[in-house]
Every structure is written in C-alpha cells, then in structure tokens.
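# Close look at the chain arrangement
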Amino acid sequence: QVQLVESGGGLVQAGGSLRLSCAASGRTFSTYTMGWFRQAPGKEREYVGGITWSSGSTSYADSVKGRFTVSRDNAKNTVYLQMNSLKPEDTAVYYCAARDNPYVNRRSSAYDYWGQGTQVTVSS
C-alpha cells in the first residue's frame, strides 16, 4: 500500500519561502508520477506541479511557474515543492499525490494515492 506523508507547511509572510516534502513508501516508484495539488477554502482542488520519478521531468501550473520548483530525491523516496515569492493567494492545503504512470497529468482524478495535506498560509 502506497503511503504519502507531507510536511513543511506553515505560516509565512508574502514574499517568503517554504519547502514542502512528501515522503513516499510502500512501492518501488520508478514508474510513478508525483503531483502537487492545492485546495483553498471554497475552491476546487487545483494542480500545482508534477514530476516523473524516472526522468525527473516537471510541469507547472501557470500561476506558480517561475516561483515554485518540484524535485525528487530517489534515494529518500521523497518529493519536494520549493515555494518562493509566496503570495496570499497561495494560501491553501497542499497535497501530494501519486499515480502509477510515467506521464504527468494535471487532473486530480488521474491520481490513485494522496497524502493527508499540509496547510500553507501566506499573510499579506
């Protein structure tokens, strides 16, 4: 059974940075793709970015491109979301997700496994 555990959320001022981690266990993830999503109160869950375990190819939502970076550490089975130049509109619960497919997908329904989420709050 795949388990995903996020950490690293918190409260930060606008313009600041946070790094979220997602520790994955339970499988060999070489064929998997990992995604980061977020959900703000009253809004639908939206795609933030994603990475393939095998090649490290990444993709990003336009709203975070140039500010957020997704990376992975294969030895630690951990995926990271580095968030810089944070804005109040980045405030949300952030989730990591996994799918057994080598291609990044921006639809939340394409992912089979989800972490519990971590709160990110950006104050103005």
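In what follows, the structure referred to is the one given above.
The structure contained in this document is the topic of the report that follows. All values derive from a computational prediction rather than experimental measurement. (Residues numbered from 1 in each chain as written. Predicted model: local features only at pLDDT ≥ 70, side-chain atom pairs only at ≥ 80, totals over all residues. Heavy atoms only, no water.)

## A short note on the overall build of the protein
Heads up, the condition is: By definition, any uninterrupted DSSP run of H or I lasting at least four residues is a helix, any uninterrupted run of E lasting at least two residues is a strand, and each is numbered from the N terminus. The globule rule is 2.2 Å times the number of residues to the power 0.38, and the radius of gyration it is compared with is taken over C-alpha atoms. Under the scheme applied here, a residue whose accessible area is under 20% of the maximum for its type counts as buried, over 50% as exposed, and between as partly exposed, the area being computed with a 1.4 Å probe on protein chains only. Residue-level accessible areas treat just the shown protein chains as cover; the underlying method is Shrake-Rupley with a 1.4 Å probe. Under the counting rule used here, the positive set is Lys and Arg, the negative set is Asp and Glu, and His together with the chain ends is not counted. Positions of charges follow a simple convention, taking NZ of Lys, CZ of Arg, CG of Asp or CD of Glu.
Each helix and strand in the protein was counted, giving zero helices and eleven strands. If you list the helices and strands of the protein from N to C, you get β-β-β-β-β-β-β-β-β-β-β. Rg of the C-alpha trace for the protein: 13 Å, near the compact-globule value of 14 Å for 124 residues, within the 12% margin. Among the 124 residues that make up the protein, the fraction classed as buried is 45%. Here the protein displays about 6,200 Å² of accessible surface, and carbon together with sulfur accounts for 45% of that area. Positive and negative charge centroids in the protein, built from 13 and 9 side chains respectively, lie 3 Å apart.

## Re the sheet that holds strand S8 (residues 78-83)
What counts, and what does not: Two strands qualify as a pair provided that DSSP identifies no fewer than 2 bridges between them. Lines fitted to the C-alpha atoms define the axes, with helices restricted to the stretch that makes contact. Angles between their N-to-C directions range from 0 to 180 degrees.
Overall, antiparallel pairing links the four strands, which are arranged S1-S3-S8-S7 in an open sheet. Each having just a single partner strand, strand S1 (3-7) and strand S7 (68-73) make up the two edges of the open sheet. Each strand of the sheet is rotated relative to its neighbour by a mean of 15 degrees, with strand direction disregarded. Sheet topology places S7 next to S8; six bridges connect them, and they run antiparallel. Looking at S8, one finds that Thr 69 is bridged to Gln 82.

## Considerations on the packing of aromatic side chains
The relation between two aromatic rings is expressed through the spacing of the ring centres and the mutual angle of the planes. Definition in use: Here the aromatic set is Phe, Tyr and Trp, taking the six-membered ring for Trp, and pairing holds for ring centres within 6.5 Å; pairs whose planes are under 30 degrees apart are stacked, those over 60 apart are edge-to-face, and all others are tilted. We count a charge as sitting over a ring when the NZ of a lysine or the CZ of an arginine lies within 6 Å of the ring centre and within 35 degrees of the ring normal.
Enumeration over the complete set of coordinates arrives at seven aromatic pairs. Here the aromatic rings of Phe 29 and Trp 53 are separated by 5.9 Å at their centres, their planes lie at 35 degrees, and the arrangement is tilted. On the criterion of sequence distance, the pair formed by Phe 29 in the loop between strand S3 (18-25) and strand S4 (33-39) and Trp 53 in the loop between strand S5 (46-52) and strand S6 (58-60) is long-range, its members being 24 residues apart. Classification of Phe 29 as buried rests on a relative accessible area of 3%. Between the aromatic rings of Tyr 111 and Trp 114, the centroid separation amounts to 6.3 Å while the plane-to-plane angle is 65 degrees, which identifies the pairing as edge-to-face. On the accessibility criterion, Trp 114 (29% relative accessible area) is partly exposed. Site record: aromatic cluster; members linked through ring pairs are Phe 37, Tyr 47, Tyr 95, Tyr 111 and Trp 114. Looking at Arg 45, its charged tip hangs above the ring of Tyr 95, at a distance of 3.9 Å from the centre.

## Quick notes on the pattern of salt bridges
To keep it simple, the criterion reads: We define a salt bridge as a side-chain nitrogen of Lys or Arg found within 4 Å of a carboxyl oxygen belonging to Asp or Glu.
Counted according to the given criterion, the structure contains four salt bridges. Between Arg 38 and Glu 46 there is a salt bridge, with the nearest N and O atoms lying 2.5 Å from each other. For Glu 46, a relative accessible area of 34% puts it in the partly exposed group. The partner of Asp 90 in a salt bridge is Arg 67, and the shortest N-O contact between them spans 2.8 Å. Pair noted here: Asp 90 is in the loop between S8 and strand S9 (92-99) and Arg 67 is in the loop between S6 and S7, with a separation of 23 residues, a long-range link.

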